[in-house]
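Now for the letters of each chain:
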Amino acid sequence: MQFLFGPVKSRRLGNSLGVNLFSEKQCNLDCLYCEAGRTVRPLCVNEYYVESSSFKEELSLFLKNCSEELDYITFSGIGEPTLCENLDEFIEIIREVSQCKIGVITNGILLGNSKIIETLLKVDMVMPSLDSALKKSFQKINRPFSNIEIDKLVADIKQFGNLFKGEYFLEIMLLSGINTSANELKALKKASDYIASDKVFLNVLDRIPAYTESKKLTQVEKKNVKKIFSLKNEILL
Ligand code: SF4
């Protein structure tokens, strides 16, 4: 299959069929914890297009032979889906051939871009990430290739959430010794309360990361997370 993977039993999304638009890792960030490896060359907006003509057949065939209930068809994989210029074509194809809810997992960097906003408003679930609300640790964890103002990123995530009528989930990756001090956690809590998404997923490292500086939380750090986050609509995975 060129585009589809799974279905994956996701801790956050149930039974999710993945759609990957990239043949190699392509992103505008180079996160310490990325499961797809390091970003060799940064990708910018409107720089990547992938022919969608075979996707309809691939998806239709998959769905015809699939006996499982799917909770979502989700754009994720080994790159940032919002960097795909014709993401909207893929969304339209899914709508044509399936009743399943469509999700997009994104690093959120382009949530202030009007074309991306228009595209993402067509799906049922959007899950941006925010791994730090402070400049220094944001740079350290997400390693952006361009200058990204953390306050603007938080504001863009918030504003998209105000427009979006579907399920809006925020995802935070917690890395031992990097974004787990009381100061870091309080800043993240403040930002996530401001964004007010439907759920917040507090992730811990689960797979092999791109950089060895990424480490799992200690038990003490987990306790500190539980003290600062209410864990009502915030779920520590
Ligand atoms: S945004 Fe996602 S795909 Fe890009 S480097 Fe970070 S974890 Fe990897």
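Residues numbered from 1 in each chain as written. Predicted model: local features only at pLDDT ≥ 70, side-chain atom pairs only at ≥ 80, totals over all residues. Heavy atoms only, no water.

### Things to note about the side chain of T74
Put simply, the rule is: Helix and strand assignments come from DSSP, with helices taken as H or I runs of at least 4 residues and strands as E runs of at least 2, each series counted from the N terminus. Only protein chains enter the accessibility calculation, which uses a 1.4 Å probe; a residue whose area is less than 20% of its type maximum is buried, one above 50% is exposed, and one in between is partly exposed. Definition of a polar contact: a pair of N or O atoms within 3.5 Å, with one able to donate and the other able to accept a hydrogen when the atoms are protein atoms, and with sequence-neighbouring residues admitted only if both atoms are side-chain atoms.
For T74, the position within the fold is in strand β3 (residues 72–76). Classification of T74 by relative accessible area gives buried; the value is 1%. Within the structure, the side chain of T74 is placed 2.7 Å from the side chain of S16, a separation counted as a polar contact.

### Points about the nonpolar core
Rule in force here: What is meant by a nonpolar core is a set of buried Ala, Val, Leu, Ile, Met, Phe, Trp, Tyr and Cys residues, joined one to another through side-chain atoms within 4.5 Å. Note on definitions: a residue-residue contact is assigned when non-hydrogen atoms from the two residues lie within 4.5 Å.
If you look at the biggest cluster of nonpolar residues, it comprises 71 residues, and the most contacted ones within it are V19, L21, F55, F75 and L130. Beyond its immediate chain neighbours, meaning those up to four positions away, F75 contacts V19, L21, P81, L87, F90, I91, I94, I102, G103, V104 and I105. Listed in part, the seven residues of the second largest apolar core include L13, I105, M125 and M127.

### As for the pairing of strand β7 (residues 199–204)
Convention followed: If you view a crossover with the strands going away from you and the path from the first strand over the helix to the second runs clockwise, you call it right-handed. Two strands are said to pair when DSSP picks up at least two bridges between them.
For β7, the buried fraction is high: five of the six residues fall into the buried class. Once the chain exits strand β6 (residues 167–174) it traverses helix α6 (residues 182–195) before rejoining the sheet at β7, and the crossover so formed is right-handed. With three bridges connecting them, β7 and strand β8 (residues 234–236) associate as parallel partners. Each residue of the ladder has a partner; that of F201, found in β8, is I235. Handedness of the crossover is the feature at issue here: the chain leaves β7, passes through helix α7 (residues 219–228), returns alongside β8, and the resulting connection is right-handed.

### Topic: the packing of aromatic side chains
As a reminder of what qualifies: Stacked, edge-to-face and tilted are the three classes for Phe, Tyr and Trp ring pairs, Trp counted by its six-membered ring, which pair at centre distances within 6.5 Å; planes under 30 degrees apart are stacked, over 60 edge-to-face, the rest tilted.
Summed over the entire model, instances satisfying the criterion amount to eight aromatic pairs. Measuring from centroid to centroid gives 5.7 Å for F160 and Y168, while their planes differ by 55 degrees, and the two rings are tilted. The exposure class of F160 is buried, given its relative accessible area of 1%. Overall, Y168 belongs to the buried group, its relative accessible area being 5%.

### A few points about the packing of helix α1 (residues 55–65) against helix α2 (residues 87–97)
Using the following cut-off: For helices, the fitted line uses only the C-alpha atoms of the stretch in contact; every axis is such a line through C-alpha atoms, and the angle between N-to-C directions lies from 0 to 180 degrees. In this scheme the crossing of two helices becomes right-handed for a clockwise turn of the near helix relative to the far one and left-handed for an anticlockwise turn of less than a right angle. Just so you know the grouping, Ala, Val, Leu, Ile, Met, Phe, Trp, Tyr, Cys and Pro go in nonpolar, Asp, Glu, Lys and Arg go in charged, and all remaining residues, Gly too, go in polar.
Two elements in contact, α1 and α2, have axes whose closest approach is 10 Å; the angle formed by their N-to-C orientations is 35 degrees. Regarding α1 and α2, the two cross each other, and that crossing is right-handed. From α1, F55, K56, L59, S60 and L63 reach across to α2, where they touch F90, I93, I94, E96 and V97. Tallied by class, the residues present in the contact of α1 with α2 amount to seven nonpolar, one polar and two charged.

### Topic: the pairing of strand β5 (residues 125–128)
Alternating residues of β5 divide into M125 and M127 and V126 and P128, and every residue in both groups is buried. By the bridge criterion, four bridges tie strand β4 (residues 101–106) to β5 in an arrangement that is parallel. Residue pairing across strands places G103 opposite M125, the latter belonging to β5. A crossover connection joins β4 to the parallel β5 through helix α3 (residues 114–120); in handedness this β-α-β unit is right-handed. The pairing of β5 with β6 spans two bridges and is parallel. By the bridge assignment for β6, M125 is matched with E167.

### Quick word on α2
So the rule is basically this: Arc definition: it is the arc formed by the directions from the helix axis to the C-beta atoms.
Residues of α2 that are buried: L87, F90, I91, I93 and I94. Taken end-on, α2 shows its buried residues confined to a sector of 160 degrees, consistent with a single buried face. In the core, the buried residues of α2 are packed alongside β2 (14–20), α1, β3, β4 and α3.

So yeah, pure geometry; function would need other evidence.
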